[in-house]
Amino acid sequence: MTPQLSQTSVDQDPFLSLDDVRQGTICIVRALHSQGAVRQRLMDMGVVPKSQVTVVRSAPLRDPIEIQIGEAFVAIRRTEARAVEVDYV
């Protein structure tokens, strides 16, 4: 099954977001499509372009998801994960 691609607006091309990635998948962050405090919080946790991220698991009701960035394990909301553009390794 192919993941559905997120879309930030009608005018932009869809992109593969962290929310679209399955459990156990390793990917590389391409861009952050969020602004303000959410963007800064993600960057403070290490979610920056060219960083490697692994989707570890999701909560029983699908939100939040746990990701691994380096040696750190972080839980983020699905809405925040949709703003992280990634590529498969």
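Computed from a predicted model, the values in this text were never measured in an experiment.

Time to look at the pairing of strand β2 (residues 52–58). In this sheet, β2 lies alongside strand β1 (residues 26–32) in antiparallel orientation, the contact comprising three bridges. When the bridges of β2 are listed, I28 appears paired with Q52. Across five bridges, the pairing between β2 and strand β3 (residues 65–69) is antiparallel. Bridge pairing in β3 places V55 opposite I67. Between β2 and β3, which pair antiparallel in sequence order, lie six residues; one of them, R62, sits at a positive phi of approximately 75 degrees.

A few words on the sheet that holds β1. Backbone-to-backbone hydrogen bonds join strands into a sheet, with any given pair of strands oriented parallel or antiparallel. In space, the five strands of this open sheet follow the order β4-β3-β2-β1-β5, with antiparallel pairing throughout. At either end of the open sheet lies a strand with only one pairing partner, and these are β4 (72–76) and β5 (84–88). The mean angle between the axes of side-by-side strands here comes to 40 degrees, regardless of whether they run parallel or antiparallel. Note: β1 against β5, five bridges, orientation antiparallel. Counted as the bridge partner of V29 is V86 from β5. The sheet strands contacting helix α1 (residues 36–44) are β1, β4 and β5, and the helix crosses β1 at an angle near 140 degrees.

About the thresholds
- Per chain, residue numbering runs from 1 following the sequence as it is written.
- Since the coordinates come from a predicted model, pLDDT governs what is reported: local features require at least 70, and pairs of side-chain atoms require 80 or more to be given and counted, while whole-chain, interface and lining totals use all residues.
- Just so you know, side-chain values use all the structure's heavy atoms and leave hydrogens and water out.
- By this definition, two strands are paired if DSSP reports at least two bridges between them.
- In this text, helices come from DSSP runs of H or I with a minimum length of four residues, and strands from runs of E with a minimum of two, each type numbered from the N-terminal end.
- Axis definition: a line fitted to C-alpha atoms, limited for helices to the stretch in contact. Angles are taken between N-to-C directions and run from 0 to 180 degrees.
- In this analysis, two residues are considered to be in contact whenever any of their non-hydrogen atoms come within 4.5 Å of each other.

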